[in-house]
Amino acid sequence: MSREKLVWIQRNYENCSGCRRCEIACTLHHEERIWPEASRIRIFMIVPGVEIPHLCFQCEDYPCVEACSPGALSVNTQTGAVNVDASKCTACSLCIEACPGSVPHLHPEGNYIVICDLCDGKPKCVKACQEGGWNALILIPRGKGVSYKTLAKTPQKLTREAAKEIFGEETAKEVTD
Amino acid sequence: MRGYAGKFLEIDLSSRNVKDTKFSDKILKDYIGGRGLATEVLWDRLGKKWETVDPLGPESILLVLTGPFTGYFPGTKVCISGKSPQSNGVIGSTVAGEFGIDLKCAGYDGVIITGKAEKPSYIFICDSQIEIKDASPIWGKKARETLRFLVTKSIKEIKDIRPSYGEVKEPSILYIGPAGENRTRVAAVVAKYAHGAGYGGYGGVMGAKNLKAIVAKGFGPVPDVYDQKKVLDMAQRFCESNFEIVNFRRWGTGGGGYFFGAETSSEPVRNWQSEWHDMEGYKREEFDKYWVKKSWGDFGCPTTCLKLAALKTGRFRGAICDNPDYELEAYLGTNLGIFTPEENIYLSYVSNELGLCGIQGGAVLGLAAELYEKGILTKKDLDGIELEWGNVEAFAALAEKVACRKGIGDVLAEGVYRAALKLGQMKGVDLLKYVVHEKGVAIGAHGVRSGKDFISEDIAYACSVQGGDHTSSASLPLDEGGELSSIMADSAVFCIFTTFEIEDDEKIEFYEAITGWKLTEKKWYEEKALRILQLQRAMLLLGGPDVKWRPKVDDDNPPRFWEPLPSGPHKGKTLDRKKFEASRLEYFEAAGWNENGVPKPDTLRKLGLEDVEAKLKDVALIE
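Given the structure is predicted, the values throughout are model-derived calculations rather than measurements.

A. Seen up close, the overall build of chain A. Along chain A, the regular secondary structure elements total six helices and eight strands. Listed by position from the N terminus, the elements making up chain A come as β-α-β-β-α-β-β-α-β-β-α-β-α-α. A compact globule built from 177 residues should have a C-alpha radius of gyration of about 16 Å, and chain A, at 16 Å, falls within 12% of that. Across its three principal directions, the C-alpha atoms of chain A cover 45 × 35 × 35 Å.

B. Structural view of the overall build of chain B. Within chain B, the secondary structure is distributed over 22 helices and 17 strands. Its C-alpha atoms give chain B a radius of gyration of 23 Å, near enough to 25 Å, the size a compact globule of 623 residues would have. Seen through its principal axes, chain B has C-alpha atoms that stretch 60 × 60 × 50 Å. Here chain B holds 623 residues, and 62% of them are scored as buried. Intrachain contacts of chain B at a sequence separation of at least 6 include 71% that bridge at least 24 residues.

C. Seen up close, the pairing of strand 2 (residues 42-47) of chain A. Residue and element names in this part refer to chain A. Most of strand 2 sits out of view: five of its six residues are buried. Pairing of strand 2 with strand 3 (residues 50-54), which is carried by four bridges, proceeds in the antiparallel orientation. Opposite Phe-44, over in strand 3, you have Ile-52 as the bridge partner. Two successive antiparallel strands, strand 2 and strand 3, enclose a turn made up of two residues, where Gly-49 displays a positive phi of approximately 95°.

D. Layout of the environment of Gly-481 of chain B. Mapped onto the fold, Gly-481 of chain B is located in the loop between strand 17 (441-442) and helix 17 (483-493). Counting along the chain gives 78 residues from Gly-481 of chain B to Ala-403 of chain B, while the straight-line C-alpha distance between them is 35 Å.

E. Quick peek at helix 4 (residues 143-161) of chain B. Residues and elements named next belong to chain B. Taking 1.5 Å of rise per residue, the 19 residues of helix 4 would be expected to cover 27 Å, and the 26 Å separating its terminal C-alpha atoms lies within 8% of that figure. Restricting attention to buried positions, one finds in helix 4 the residues Ala-143, Arg-144, Thr-146, Leu-147, Leu-150, Ser-154 and Ile-158. Taken down its axis, helix 4 places every buried residue within 145° of arc, on the same side. Among the exposed residues of helix 4, those pointing more than 90 degrees away from its buried face are Thr-152, Lys-156 and Asp-160.

F. Expanded view of the pairing of strand 6 (residues 110-114) of chain B. Residue and element names in this part refer to chain B. Taking burial as the measure, the five residues of strand 6 include four buried ones, the bulk of the element. With four bridges connecting them, strand 1 (residues 8-12) and strand 6 associate as parallel partners. Among the inter-strand pairings, Glu-10 is bridged to a residue of strand 6, identified as Ile-112. In this structure, strand 3 (residues 62-65) lies alongside strand 6, joined through four bridges in antiparallel fashion. Considered in strand 6, the bridge of Leu-62 is made with Ile-113.

G. Spatial organisation of the packing of helix 13 (residues 358-373) of chain B against helix 14 (residues 392-403) of chain B. Residues and elements named next belong to chain B. Contact geometry of helix 13 with helix 14 gives a least axis separation of 10 Å together with a crossing angle of 120°. Considering how the two elements wind past one another, helix 13 and helix 14 form a crossing that is right-handed. Facing Gly-361, Val-364, Leu-365 and Ala-368 of helix 13, the residues of helix 14 in contact are Phe-395, Leu-398, Ala-399 and Val-402. Tallied by class, residues from the contact of helix 13 with helix 14 come to seven nonpolar, one polar and no charged.

H. Local environment of the interface of chain A and chain B. Opposite the 37 residues of chain A that make contact, chain B presents 37 residues. For the side of chain A that touches chain B, the secondary-structure elements that each account for two or more residues are helix 1 (21-31), strand 2, strand 6 (105-106), helix 5 (155-167) and helix 6 (169-176) of chain A. When its residues are assigned to classes, the side of chain A that touches chain B shows 18 nonpolar, ten polar and nine charged.

I. Representation of the sheet that holds strand 8 (residues 129-134) of chain B in the model. Residues and elements named next belong to chain B. Spatial ordering of the open sheet is given by 8-7-12-9-10-11, a layout of six strands whose pairing is mixed. Here the strands that pair on one side only, and so sit at the sheet edges, are strand 8 and strand 11 (195-197). Sheet twist, expressed as the mean angle between neighbouring strand axes with direction ignored, is 20°. Where strand 7 (residues 121-126) lies against strand 12 (residues 211-217), six bridges are found, and the strand directions are parallel. Opposite Tyr-122, over in strand 12, you have Ala-213 as the bridge partner.

J. Quick peek at the sheet that holds strand 6 of chain B. All names here are of chain B. With respect to topology, six strands assemble into an open sheet ordered 2-1-6-3-4-5, the strand pairing being mixed. Looking at strand neighbours, the two that pair on one side only are strand 2 (17-21) and strand 5 (93-96), the edges of this open sheet. With direction set aside, neighbouring strand axes in the sheet form an average angle of 20°. Seen against the sheet, helix 2 (residues 34-46) touches strand 3, strand 4 (77-82) and strand 6 and runs at an angle of roughly 20° to strand 4. Lying over the sheet, helix 17 contacts strand 4 and strand 5, oriented at roughly 100° with respect to strand 4.

K. Helix 12 (residues 341-354) of chain B, seen in detail. Residues and elements named next belong to chain B. Helix length check: helix 12, at 14 residues, gives a terminal C-alpha distance of 20 Å against a target of 20 Å (1.5 Å per residue), a fit within 8%. Here helix 12 lies mainly inside the structure; 14 of its 14 residues are buried. Gly-355 sits one or two positions beyond helix 12 and adopts a positive phi of about 75°.

L. Region of interest: the packing of helix 7 (residues 228-243) of chain B against helix 18 (residues 504-515) of chain B. All names here are of chain B. Packing of helix 7 against helix 18 brings their axes to within 8 Å, and their N-to-C directions diverge by 145°. Like other packed secondary-structure pairs, helix 7 and helix 18 cross with a definite hand, here left-handed. Note on element contacts: helix 18 touches helix 7 through Phe-510, Ala-513 and Ile-514, opposite Lys-230, Val-231 and Met-234. Here the residues of the contact of helix 7 with helix 18 sort into five nonpolar, no polar and one charged.

M. The arrangement of the environment of Glu-285 of chain B in detail. In this fold, Glu-285 of chain B is placed in helix 10 (residues 284-288). Taking the C-alpha atoms as reference points, Glu-285 of chain B and Trp-517 of chain B, 232 residues apart in sequence, are found 47 Å from one another.

N. Fine view of the domain arrangement of chain B. Residue and element names in this part refer to chain B. Its domain assignment divides chain B into domain 1 (1-244 + 475-548) and domain 2 (247-442). In this assembly, 39 residues from domain 1 lie in contact with 32 residues from domain 2. Secondary structure elements with two or more residues in the side of domain 1 that touches domain 2: helix 4, helix 5 (178-181) and helix 7. A class-by-class count of the residues in the side of domain 1 that touches domain 2 yields 19 nonpolar, 16 polar and four charged.

O. Layout of the environment of Lys-153 of chain A. All names here are of chain A. Structurally, Lys-153 is set in the loop between strand 8 (137-141) and helix 5. Distance from Lys-153 to Thr-79, taken between C-alpha atoms, is 21 Å for residues 74 residues apart in sequence. With residues near it in sequence (within four places) discarded, Lys-153 still touches Gly-101 and Leu-158.

P. Local environment of unusual backbone geometry. Note the cis peptide between Asn-323 of chain B and Pro-324 of chain B, where omega equals -5°. Examined against the element boundaries, Pro-324 of chain B turns out to sit in the loop between strand 15 (320-322) and helix 11 (326-331). Omega for the bond connecting Leu-476 of chain B with Pro-477 of chain B falls within 30 degrees of zero, at -5°, which places this linkage in the cis form. When you line up the elements, Pro-477 of chain B lands in the loop between strand 17 and helix 17. Its identity is not glycine, yet Glu-32 of chain A carries a phi of approximately 60°, on the positive side. Of note, Glu-32 of chain A is situated in the loop between helix 1 and strand 2. Even without being a glycine, Lys-192 of chain B presents a positive backbone phi close to 50°. Here Lys-192 of chain B shows up in the loop between strand 10 (189-191) and strand 11.

Q. How the structure looks around the confidence of the model for chain B. Residues and elements named next belong to chain B. Of all residues in chain B, 100% have pLDDT values of 70 or greater, and the mean over the chain is 97. Looking across chain B, the model is least confident in strand 13 (residues 291-295), with a mean pLDDT of 78, and most confident in strand 12, with 99. For this predicted complex, the interface confidence score (ipTM) comes to 0.97, while the overall pTM stands at 0.98.

Analysis parameters
- Residues numbered from 1 in each chain as written.
- Chains lettered and ligands numbered in written order.
- Predicted model: local features only at pLDDT ≥ 70, side-chain atom pairs only at ≥ 80, totals over all residues.
- Helix = DSSP H or I, 4+ residues; strand = E, 2+ residues; numbered from the N terminus.
- Rg over C-alpha atoms; globule rule 2.2 N^0.38 Å.
- Buried ≥ 20, exposed ≤ 12 C-beta atoms within 10 Å, placed from the backbone.
- Contact = placed C-beta atoms within 7 Å.
- Pairing = 2+ DSSP bridges.
- Expected span 1.5 Å × (residues − 1).
- Arc of directions from axis to C-beta.
- Axes fitted to C-alpha atoms, helices over the stretch in contact; angles between N-to-C directions.
- Left-handed = near helix turned anticlockwise from the far one by under 90°.
- Nonpolar A, V, L, I, M, F, W, Y, C, P; charged D, E, K, R; others polar.
- Domains from an automatic or database assignment.
- pLDDT = per-residue confidence, 0-100.

Structure follows, in C-alpha cells:
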C-alpha cells in the first residue's frame with residue numbers, strides 16, 4: 001500500500017457546530033437520499049451542545065477486519081478505508097465488538113454493517129464541513145508512525161472528554177454521568 | 001405524495017388510544033403543514049365551541065407538526081400549536097432541532113395530542129412503535145435531569161428494539177420543565193437545552209395534559225421529494241447564500257443586546273420604561289469572553305446563529321445556555337436592569353432549566369420589578385424578595401416561584417396581561433399601563449417607537465394574528481415580507497434565520513420541486529395564506545373562555561408605546577395616533593376585514609369559509 005496517497009479524517013470535536021450537513025452529504029452519496037441513520041458518519045449528541053462526529057478511525061491493525069469471520073470486511077489499499085461486502089455480511093456484530101470506538105453499525109433497513117469508505121479518498125462529509133468553515137473534519141495525509149487506534153473511542157467517552165473542555169469538569173460530570 | 005411521510009400520529013392521552021391519521025391531498029395542498037395545518041385542524045375540531053375551550057383543559061389539542069420543507073430546506077424546525085393560553089387564539093410556535101427529522105424518519109409528519117393523561121406521562125416513538133410511558137420519575141425535574149434520564153433510558157430501550165444494531169444515537173426530545181408542569185402561561189416547549197417554542201405558551205398545554213415529553217427516533221430516510229435534483233441544487237444555493245452572511249454566522253443574534261439599545265433605541269430596558277442604553281460592557285465582544293467559542297447548530301443549518309455559552313468560573317459557574325440570543329439578552333437582561341453578560345447568561349440558564357419562555361417569563365419578572373419600584377408590590381408580597389433592578393439573584397428566585405406557582409408566582413405565572421389584571425384587582429389600581437403585550441402575548445424585544453428597528457411599523461403587533469410574536473409581525477403590503485410570508489415559513493416549516501437572501505418566489509419554486517404540486521405566489525398570497533390568516537383572526541377574536549379581545553379596540557399598541565421615548569438619541573419619539581389608525585384601517589382592508597378588523601362575509605365566502613362566517617354571525621361579531 002502506498003502510504004503517500006492514504007488519507008485520514010481528523011476530527012476536532014469542539015469545532016463541530018452540530019449542523020449535520022456531513023450526515024446529509026454522506027447519505028446522498030451512499031444512499032442517494034437524506035437518511036441520518038444510514039450515515040457512515042453520525043453526529044452523537046448525548047448531551048446538548050456536545051456534538052460528536054463519529055466515524056471509522058481506520059486503526060492501523062484493523063481489528064474489525066481481523067474479527068470478521070464471514071470475510072465481509074477488507075482494507076482498501078488505495079485509501080486505507082474499510083470496505084464492506086454487504087453480500088457477505090451476516091450482521092453478526094463481531095466487528096462492532098472488536099472496534100475500540102464501537103463505530104460500525106447496521107444499515108437501518110438492510111442486514112449489513114456500514115462503515116465509512118472515505119468516498120474513495122474524497123470524503124463528502126469533509127467537503128460539507130469545510131464548506132461551512134467549521135473545520136470539525138479535516139482531510140489530512142495519513143501519518144506514518146501515528147497510532148490512530150489510540151484516538152478510537154466510543155461516543156460516550158468522546159462526549160465526556162469534549163464536555164469537560166466545553167463546560168468544565170464539574171458541569172461535565174453532572175451532565176454526562 | 002412527495003415531501004410528506006404520509007401520515008400523522010394521533011394520541012388520545014385520556015383513553016391511551018393511538019392511531020394514524022391522514023389528511024386529504026386537498027387539505028395538505030391548502031394548509032401545507034405546521035401553522036397552516038394546525039389552524040385547519042383546530043378550526044375543524046374545535047371551531048364551533050372555540051370560545052368555551054379552555055387551552056389548559058383536557059379538551060384542548062396540542063399539535064407538533066413538520067412541513068414538507070423539513071429535512072431539505074437549510075434550517076430545521078418543528079411547529080408547535082394549539083389554542084394558546086396566552087392569546088386564546090392560534091399561534092404557530094417553532095423550535096429548532098432534530099425532532100422534526102426523527103419524526104419524519106419514523107414515518108410521521110406530525111403528532112396530534114388530545115385528552116389528558118391520568119398521571120405524568122411521556123410519549124415514546126420509535127418508528128411504528130408508540131408507547132405512553134410513565135414520567136413520574138422526572139415530574140418536577142428541570143431540563144438537565146429530565147434530558148439525562150430520557151436520553152439514557154430511551155437509548156437502552158431502542159437497543160432492545162434493535163439488539164444488534166451497534167451504538168444507538170440518542171433520540172430527539174421535546175419536553176417541559178416545572179413551568180410547563182405547573183400549567184403556567186409562560187412556559188415553553190423545549191428541545192435540547194435552551195431551544196424553546198415559547199410564543200403561545202404551549203409548555204403549559206403539555207403540562208395540563210400531564211405530558212412531560214415526546215421522545216422520537218426514526219430509522220427511515222427523510223421522505224422522498226418530487227424533483228430531488230432540483231431540490232438539492234436549490235438547497236445548496238440557499239446554503240451558500242447563508243455562508244455569505246459572515247456577521248450573523250460569527251455572532252448570531254447576540255450582537256443585539258448592545259446594538260438594539262445603543263443604536264436603534266428599540267430594546268426593552270427596565271420593563272420598557274426606556275428603549276435605549278449605552279452599556280459598553282454588554283457588547284458582543286464582552287459576551288464572547290464567556291463563550292466557549294462553539295457554534296450550536298441544528299440539522300442542515302448553514303448559519304448556526306446559536307452559540308453555546310458556558311460559565312466555567314465565578315459564582316455562577318455551571319450555567320449553560322445559548323449565546324444568549326438577543327431576545328434573552330433583552331428580556332432576561334436589559335429589561336431587568338441587568339447589564340453584565342455573566343448575570344445574563346446565568347439568569348437565562350435558570351429560566352431555561354425551569355422551562356420558562358425567556359420572553360414571556362422575562363416579561364413578568366420585568367413587570368413585577370416595576371411594580372416593586374413603584375411600591376405597588378412590596379417585599380412582603382414577594383415573600384421577602386427585594387426585587388431591585390439588576391438584582392439577578394432576586395430575579396432567579398422569583399423565576400423559580402413563577403415556574404412553580406408559589407406565592408406571588410402563582411399570579412405572575414398567568415403572564416403579563418392576566419397578572420396585571422389580577423394584581424390590579426388585588427391592589428385596587430389599574431396596572432395595564434405597565435404591560436407591554438399584544439393579545440396577551442408579551443411583545444418581542446423590538447420596540448417600534450424609534451422606527452429604527454427592523455420591525456418598525458406601528459401596526460407590527462397591533463394587527464398581527466399572533467399578537468406580540470415578533471417572528472410574525474404585521475406590515476404592509478400584506479404579502480412578501482408581511483404576515484403571509486411568516487405563514488409560509490411556519491407552514492412549510494423552516495427557519496426564518498436562513499432566508500435573509502431567499503425570496504418568496506424561490507420558496508414557492510422549492511415547494512413545487514418538493515411536492516410536485518403547483519403553486520404560484522398569487523395563489524399563495526391571495527388564497528391559501530389569506531385563508532389561514534382569516535382562520536387565525538377568527539379564532540383570535542372568538543377567544544375565551546377567560547379573555548376576549550375586542551376587535552379594533554384591542555388591535556392597538558400597549559399604552560407604553562404611546563409614551564415618548566424618555567432617553568437616548570431618539571428621545572421624545574413616539575407613535576402618531578392618526579397615522580396608526582390610518583395604517584390599521586389600510587391593513588384591515590388589505591386583509592379583507594371590515595373597519596373593525598372582523599373578516600368580511602365576502603372575504604370568507606371567496607375563500608370557502610362559510611362556516612367561519614356563520615360562526616362569527618352566531619357570536620354577533622358580524623351582522
